[in-house]
Amino acid sequence: MASTDETGRAAPHASPAGPTPPAGPPAGPAGPAARMPRWLPRAMVLALTLYAVFQLSSWAFHQLTGLLINVLIAFFLALAIEPAVSWMAGRGLRRGLATFLVFLAVLIAAAGFVTLLGSMLAGQIVKMVEEFPEYLDSVINWVNGHFHTELRRVDIQEGLLRSDWLRNYVQNSATGVLDVSTQVLGGLFQLLTVTLFAFYFAADGPRLRRALCSVLPPARQAEVLRAWEIAVDKTGGYLYSRGLMALISGIAHYILLEILAVPYAPALAVWVGLVSQFIPTIGTYLAGALPMLIAFTVNPWYALWVLGFVVVYQQFENYVLQPKLTSKTVDIHPAVAFGSVIAGTALLGAVGALIAIPAVATLQAFLGAYIKRYAVMDDPRVHGRRGRNQSQGSGPGPLTRLRSLWAAGRAAAERTGRPGVSAGPGDTGDQRSPGGPGDADGPEAGEGR
């Protein structure tokens, strides 16, 4: 009989060679867990498909970035002219014809400005080239007189003509003519694209809104139409307020340039007004550089006068004029406007800087209807003042105590300096006038006893 242990199980027999190794699992047919799940190949195919679609979409987005930016510019331009087009259409004019007339007016104004500015620049460049030898002689005479040198204009001209810098500059300019021509043609094509899209957006605005609302439920349709109306109001208000500030800036600079007798004052005033208002951040410096240069050709001190006036007027515009004009049209905090311009510049460059403020103002006005606001409690900390519990001491501050002591001393001095004025309840001395009704030695005092 086999030996058993204390639990009643049979004890294994030890083999002569040593202990017997444990037996493995019984061999049998593979179960369901040993096969690949049926959903795994489909999941892998779906993941690869999604990755391919993402890569294709990313490639297409990068290829169409220029077109998307042009469409965005055209959309905001259509929103800007929407009030004028709607006003003309409400007077019985066809919407397409009204849009054409608005674009024609803008095109005529832009062409006149570019023509006037180009003629001014051409005249000034020709004048500067003709008078360059005189300027060079005056500079050479000043240097020879102050530094005791013997410079001559002929030597400077020969050294400049024989320099490697001029030779390299001419070669680079000759090879860059094709690049400049390509950029000019690309800019014209981009301008034509923006104009066509803006014309279609403005002329077919009602049809576009109807097509967009046709795929949305009624509640969503009301929200889309309200957002569209807010965008039109904010964009139009922003551009119109900028146009008014450009007009005021142009008039102010025109008066200064006329006083200084700087040539081409009207064209320079228009340049300063438009560039300083419609090119954010650096527009002021670009606008002031050209009048300073032309004023320098008249008198170097006039350039300093123009620089000082540009700086002073910019401060007046930032802190006085702009808040009053844009508070009712855009209604956006200056810090938010500055941050939106920086963010727009980082995302889309100059285009983003131009459309950042109306876009943020539209988003702010649209989201304002969905934000629940509460009444603010009347607390000194709300107004920027620390309450009594927040101060370091339990009583009023040192400035408050000093102000109270000063007021009490001044009141006491006024009372003591006026005869016939009775003392207040806080006075301990008897400062009443003799013989008055309150005099203790008078006849009324005896009667009172």
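Throughout, a residue's number is its position along its own chain's written sequence, starting from 1. Given that this is a predicted model, residues contribute local features only at a pLDDT of at least 70 and side-chain atom pairs are listed and counted only at 80 or more, while totals for whole chains, interfaces and linings are drawn from all residues. Excluded from the side-chain calculations are hydrogens and water; all other atoms, namely the structure's heavy atoms, are used.

S.K.: Mind showing me how you'd approach the overall build of the protein chain here?
M.R.: Within the protein chain, the regular secondary structure consists of 16 helices and zero strands. Classification of residues uses two cut-offs on accessible area relative to the type maximum, computed with a 1.4 Å probe and protein chains only: under 20% is buried, over 50% is exposed, and between them is partly exposed. Considering the protein chain as a whole, with its 449 residues, one finds that 22% of them fall into the buried category. Only heavy atoms enter the contact rule, under which two residues are in contact if any of them lie within 4.5 Å. Counted over contacts in the protein chain with a minimum sequence separation of 6, partners at least 24 positions apart contribute 60%. Here the protein chain has roughly 32,500 Å² of accessible surface; of this, 68% comes from carbon and sulfur atoms. Helix and strand definitions follow DSSP, with helices as H or I runs of at least four residues and strands as E runs of at least two, each counted in order from the N terminus. For accessible areas, the Shrake-Rupley method is used with a probe of radius 1.4 Å. Any residue's cover is judged against the shown protein chains and nothing else.

S.K.: How should the packing of helix α9 (residues 218–259) against helix α10 (residues 265–278) be read in this particular structure?
M.R.: Packed helices, taken two at a time, are described by their axes: the angle between them and the distance between them. In this analysis, axes come from line fits to C-alpha atoms, helices being fitted only over the stretch in contact, and the angle between any two N-to-C directions falls in the range 0 to 180 degrees. Two elements in contact, α9 and α10, have axes whose closest approach is 7 Å; the angle formed by their N-to-C orientations is 145 degrees. The two elements α9 and α10 meet at a crossing, and its hand is right-handed. Residues L239, R242, G243, M245, A246, S249, G250, H253, Y254, L257 and E258 of α9 form the contact with α10, whose participating residues are A265, P266, L268, A269, V272, G273, L274, S276, Q277 and F278. Classifying every residue of the contact of α9 with α10 gives twelve nonpolar, seven polar and two charged. By convention the crossing between two helices is left-handed if the near helix lies anticlockwise of the far one by an angle smaller than a right angle, and right-handed if it lies clockwise. Think of it as three bins: nonpolar holds Ala, Val, Leu, Ile, Met, Phe, Trp, Tyr, Cys and Pro, charged holds Asp, Glu, Lys and Arg, and polar takes everything else, Gly as well.

S.K.: Is there a simple way to think about helix α8 (residues 205–213) in this case?
M.R.: Among the residues making up α8, those that are buried are G205, R209 and C213. Angular distribution of buried residues about the axis of α8 spans 65 degrees; they occupy a single face of the element. Facing away from the buried side of α8 by more than 90 degrees, the exposed set consists of R207 and R210. What the arc covers is the set of directions going from the helix axis to the C-beta atoms.

S.K.: What should I look at first to understand empty space enclosed by the protein in this one?
M.R.: Space left empty within the atom packing is revealed by a probe, the size of a water molecule, rolled over the atoms. Cavities and pockets were defined on a 1 Å grid built from protein atoms only: a cavity is a group of points that admits a 1.4 Å probe but offers it no way out, a pocket is an open group of points flanked by protein on both sides within 12 Å along at least five of seven lines, and a lining residue is one with an atom within 4 Å of any such point. Grid points are joined across faces, edges and corners, and a volume is the space filled by probe spheres set on the points. Evaluation of the coordinates by the stated rule reveals three cavities of 30 Å³ or more. Approximately 70 Å³ is the volume attributed to the largest cavity. Considering the residues around the largest cavity, the lining is formed by S249, H253, V272, S276, Q277, T284, A287, G288, V310, Y313, Q314 and E317. Secondary-structure elements contributing two or more residues to the lining of the largest cavity are α9, α10, α11 (283–298) and α12 (300–326).

S.K.: It is not clear to me how the environment of G237 should be interpreted in this structure. Could you clarify?
M.R.: With respect to the helices and strands, G237 occurs in helix α9. Classification of G237 by relative accessible area gives buried; the value is 11%. Each C-alpha atom of the pair G237 and D331 lies 9.9 Å from the other, and the pair is 94 residues apart in sequence.

S.K.: Whenever I open this one, the packing of aromatic side chains confuses me. Can you help?
M.R.: By convention here, two paired aromatic rings are described through the distance between centres and the angle between planes. Ring pairs shown here join Phe, Tyr and Trp side chains whose ring centres sit within 6.5 Å, with only the six-membered ring taken for Trp; geometry is labelled stacked below 30 degrees between planes, edge-to-face above 60, and tilted in between. All chains considered together, the criterion is met by nine aromatic pairs. Where Y313 meets F316, the ring centres are 6.1 Å apart and the plane angle is 50 degrees; that geometry is what we call tilted. Here Y313 and its partner F316 are both found in helix α12, three residues apart, which amounts to about one turn of the helix. Judged by its relative accessible area of 40%, F316 falls in the partly exposed class. Linked through ring pairs, F75, F76, F197, F201 and W228 together constitute an aromatic cluster.

S.K.: How do you make sense of the pattern of salt bridges when you look at a structure like this?
M.R.: Salt-bridge detection follows one rule: a side-chain nitrogen of Lys or Arg within 4 Å of a carboxyl oxygen of Asp or Glu. Throughout the structure, instances matching the rule amount to three salt bridges. The salt bridge partner of R209 is E82, with a shortest N-O separation of 3.9 Å. On the criterion of sequence distance, the pair formed by R209 in helix α8 and E82 in helix α2 (residues 65–90) is long-range, its members being 127 residues apart. You'll find R209 and E82 in the same group, each marked buried. Across the salt bridge formed by E223 and R220, the nearest N and O atoms sit 3.3 Å from each other. With E223 and R220 both in helix α9 and three residues apart, the pair spans about one turn of that helix. Sharing partners across several salt bridges, the network here consists of E82, R95 and R209.

S.K.: How do you make sense of the side chain of E82 when you look at a structure like this?
M.R.: Residue E82 is classed as buried on the basis of its relative accessible area, which comes to 8%. Non-local contacts of E82, meaning those with residues more than four positions away in its chain, are made with R95, A202, R209 and V232.

S.K.: Explain the packing of α2 against helix α14 (residues 350–367) here, please?
M.R.: Running from N to C, α2 and α14 cross one another at 45 degrees; their axes reach a closest spacing of 11 Å. Here α14 runs oblique to α2, going by the angle between their axes. The way α2 lies across α14 gives a crossing that is left-handed. Across from I69, L72, I73 and F76 in α2, the residues of α14 making contact are V351, I355, P358 and A359. Of the residues contributing to the contact of α2 with α14, the split by class is eight nonpolar, no polar and no charged. Throughout this description, any angle smaller than 35 degrees is read as roughly parallel, any larger than 145 degrees as roughly antiparallel, any in the 65 to 115 degree range as roughly perpendicular, and the remainder as oblique.

S.K.: Is there a simple way to think about the confidence of the model for the protein chain in this case?
M.R.: Close inspection of predicted coordinates is inappropriate for parts of the model with low pLDDT. pLDDT expresses, on a scale from 0 to 100, how confident the predictor is about each individual residue. Residues of the protein chain with pLDDT of at least 70 account for 75%, and the chain-wide mean is 75. At the level of individual helices and strands, the protein chain shows its lowest average pLDDT in helix α16 (residues 443–448), which scores 41, and its highest in helix α1 (residues 39–63), which scores 91. For residues 1–8, every residue scores under 50 in pLDDT, and the model assigns this stretch six contacts once sequence neighbours within four places are set aside. With pLDDT under 50 throughout, residues 419–449 is counted as low confidence; its partners more than four residues away or in other chains account for 13 contacts.

S.K.: Where do I start with α11 in this structure?
M.R.: Structural remark: α-helix, 3.6 residues per turn; residues separated by three or four positions point the same way. Multiplying one less than the number of residues by 1.5 Å gives the expected span of a helix. Taking 1.5 Å per residue as the helical rise, α11 with its 16 residues ought to reach 22 Å, and the 24 Å between its terminal C-alpha atoms agrees with that figure. Residues of α11 that are buried include every one of G283, T284, A287, G288, L290, P291, I294, A295 and T297, and no others.

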